[in-house]
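# Observations on chain architecture
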Amino acid sequence: MAVTIYHNRDCGTSRNTLAMIRQSGEEPEIIEYLKSPPSRETLIDLIARSGLSVRDAMRKKEAPYTELDLDDPTLADDKLIDAMLAHPILINRPFVVTEKGVRQCRPSELVLEILPNPDIGPFTKEDGEIVIDENGKRVV
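Residues numbered from 1 in each chain as written. Predicted model: local features only at pLDDT ≥ 70, side-chain atom pairs only at ≥ 80, totals over all residues. Heavy atoms only, no water.

Next up on the list: the nonpolar core. With 20 residues, the main nonpolar core has Y6, I47, M58, L70, M84, L90 and F95 as its most contacted residues. Of all the elements in the fold, those that place two or more residues in this core are α2 (40–50), α4 (77–86) and β3 (95–98). Among the elements that take part in this core, α4 stands out by supplying 4 residues, more than any other. Leave out the neighbours within four places in its chain, and F95 touches T4, I5, Y6, L46, I47, S50, L52, A57, V102, R103 and Q104. One finds I5, I21, L115 and I132 within the second-largest nonpolar core, a separate group that totals 15 residues. (Core = buried A, V, L, I, M, F, W, Y, C linked by side-chain atoms within 4.5 Å. Buried < 20%, exposed > 50% of the residue type's maximum accessible area, 1.4 Å probe, protein only. Helix = DSSP H or I, 4+ residues; strand = E, 2+ residues; numbered from the N terminus. Contact = heavy atoms within 4.5 Å.)

Written as structure tokens, this is what we have:
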């Protein structure tokens, strides 16, 4: 079964998500979307299958968001998609695809909802936050 992650190695959330995937026993296909952005069709599909709106799939903390006035509520989804394709840093990450579905894994532990083996054992994020304790219980 294939797992794909749209990954940004400079992002802690993306690195944590990748680590959880690997700890589950999967070696995912890693797409570094800043170097190889998804096609328009793929991006629209990822957003739709994740259950997000286009606006919810955007990273609003990046410079192009304000520079391009993307906070304008009258902008159509097509314009937002155009901006995301022109400036892939605007694609919020990471998106993960498995046969169980698609999630934008923010927070990273959302990946557990779609992993074939979500029982990954103890897991602590890079910042020290415990996601799953030594007894295999999710820490909420």
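Our focus in this paragraph is the state of the cysteines. As enumerated under the stated definition, the model contains 0 disulfides in all. The thiol sulfur of C105 is not disulfide-bonded, and the nearest other cysteine sulfur, from C11, lies at 11 Å. Judged by relative accessible area, C105 falls into the buried class, the value being 0%. (Disulfide = S-S within 2.5 Å.)

Among the residues making up α4, those that are buried are L80, I81, A83 and M84. In an axial view of α4, the angular spread of the buried residues amounts to 160 degrees, which keeps them on one side of the axis. Seen from the open side of α4, the exposed residues pointing more than 90 degrees away from its buried face are K79 and A86. On its buried face, α4 sits against α2. (Arc of directions from axis to C-beta.)

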